[in-house]
Amino acid sequence: MFEFKITLDDEDYLLFNQYHLLNSPSGKKSLMSFRFITPFLCFMVIVIFCIAGSDFELILSEAIVMTIISILWIGYSKKEILKSMNKRIIKMKKEGRLPYSNEAILKFDDEKINEIAPNTENITKYSLIEKIVVTEKAIYIYFSSVQAYILPVTAFSAEMEKLKFLEFINMKVDILRDTKSKLRS
């Protein structure tokens, strides 16, 4: 059994959301759409000017300007969407309750994960774990496509404890996956 008293801050939550945006299929799709909407609109403006029969020099200069704008947008859009995400978290914090608990106790026993926060208590069976992601700053234990327990590396007293925990959690998830696949066969 493992038990961790964790303390999360805005940075931990922001890092999780950044990871999710940059690595999940839905996040990648959103980022790609965000990146290419401006170049598409620029292209449409040029097409409209062509259809309207505008002067060639005007269309050419407009195409050059729109190409430069599009290239800059594609280059800086990732940074902008991450900055926007940070602003939304700050706004949520000012408005009241954040979608995470600042302090919680995570207990990992043989059957389940128990999260105890000041106002809530959640129990998650290991069978619901979809994936485990290890980053430089935290371990994300996904129990849905968009939700995860955030376990900062600061929760571990030593690297050896972190490795033992990862071995434990991976074993729990692998055993359940093996059992599910045998039942399907």
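Relevant structure appears above.
As a starting point, this report considers the structure included with it. Computed from a prediction, not measured in an experiment: that's the story for all the values here. (Residues numbered from 1 in each chain as written. Predicted model: local features only at pLDDT ≥ 70, side-chain atom pairs only at ≥ 80, totals over all residues. Heavy atoms only, no water.)

### As for the layout of surface pockets
Gaps between atoms show up when a probe of the same size as a water molecule is rolled over them. Where we set the bar: Here a cavity means grid points, on a 1 Å grid over the protein atoms only, where a 1.4 Å probe fits yet cannot get out; a pocket means an open set of points with protein on both sides within 12 Å along at least five of seven lines; lining residues are those with an atom within 4 Å of a point. Grid points are joined across faces, edges and corners, and a volume is the space filled by probe spheres set on the points. A helix here means a DSSP run of H or I that spans at least four residues, while a strand means a run of E at least two residues long, and both kinds are numbered starting from the N terminus. The classification used treats Ala, Val, Leu, Ile, Met, Phe, Trp, Tyr, Cys and Pro as nonpolar, Asp, Glu, Lys and Arg as charged, and all other residues, Gly among them, as polar.
Volume-wise, the largest pocket comes out at about 920 Å³. Residue lining of the largest pocket: 35 residues in total, with Tyr-13, Pro-99, Tyr-100, Gln-147 and Ala-148 positioned closest to the centre. Among the elements of the structure, helix H1 (10-23), helix H2 (25-51), helix H3 (56-95), strand S4 (121-125) and strand S7 (148-152) are those that each provide at least two residues to the lining of the largest pocket. In terms of residue class, the lining of the largest pocket is built from 20 nonpolar, 12 polar and three charged.

### Looking at the sheet that holds strand S5 (residues 131-134)
The condition is simple: A strand pair is defined by DSSP finding two or more bridges across the two strands. Lines fitted to the C-alpha atoms define the axes, with helices restricted to the stretch that makes contact. Angles between their N-to-C directions range from 0 to 180 degrees. By the convention used here, residues are in contact when the closest approach between their heavy atoms is within 4.5 Å.
Read across the open sheet, the three strands follow the order S5-S6-S7; overall the sheet is antiparallel. Unpaired on one side and paired on the other, S5 and S7 mark the two borders of the sheet. This sheet shows a mean twist of 15° between the axes of neighbouring strands, independent of strand direction. Bridge analysis of S5 against strand S6 (residues 138-142) gives four bridges, and the strand direction is antiparallel. When the bridges of S6 are listed, Lys-131 appears paired with Tyr-142. Where H1 meets the sheet, its contacts fall on S5, S6 and S7, and the angle it forms with S6 comes to roughly 60°.

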